[in-house]
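# Descriptive analysis of the structure
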Amino acid sequence: MRVLLDECVPRGLRQELSGHEVKTVAEMGWAGVKNGPLLERAEKAFDVFLTVDRSLEHQQNLAGYAIAVVVVHSLSNDIAVLHSLMPQVRSALARAKPRVIVHVHG
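Notes on the structure follow. Quick caveat, the model's predicted, so the values are computed rather than measured.

## Describing unusual backbone geometry
- Despite not being glycine, Arg99 has its phi angle at roughly 70 degrees, a positive value.
- Structurally, Arg99 is set in the loop between α4 (86-94) and β5 (101-105).

## Observations regarding the pairing of strand β2 (residues 21-24)
- A one-sided burial pattern is seen for β2, the buried positions being Val22 and Thr24 and the unburied ones Glu21 and Lys23.
- The sheet contact formed by strand β1 (residues 2-5) and β2 spans four bridges and is parallel. Paired with Leu5 across the bridge in β2 is Thr24.

## Let's talk about α4
- When we look at burial in α4, the residues that qualify are Met86, Val89, Ala92 and Leu93. Considered in projection along α4, the buried side chains sweep an arc of 110 degrees and stay on one side of the axis.
- Elements that come into contact with the buried residues of α4 comprise β1, β3 (48-51), β4 (68-73), α3 (79-83) and β5.

Conventions used here
Residues numbered from 1 in each chain as written. Predicted model: local features only at pLDDT ≥ 70, side-chain atom pairs only at ≥ 80, totals over all residues. Heavy atoms only, no water. Helix = DSSP H or I, 4+ residues; strand = E, 2+ residues; numbered from the N terminus. Buried < 20%, exposed > 50% of the residue type's maximum accessible area, 1.4 Å probe, protein only. Pairing = 2+ DSSP bridges. Arc of directions from axis to C-beta. Contact = heavy atoms within 4.5 Å.

What follows is the structure, given as structure tokens:
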């Protein structure tokens, strides 16, 4: 599965997603691109957009984009905090479908 890590997700989490092709927004040259245009770009090259931005679904009509979105709910985006949620993230990736948002709670 092709996974795009949002700017707010530590790139070090890539190691937790072995078996997936993982890129960051910065690696794609999309740093600073707003959510709507970012999702338009992402849906053409990725299967899943992984973020900790809980307001994303209230700002965008995610059903309008042919990409799955996984939103991680945690107290912070610190890699140590997110590390403990990676089993749930991997499970969410396994059931991700285009135009569907999956929430992972810590």
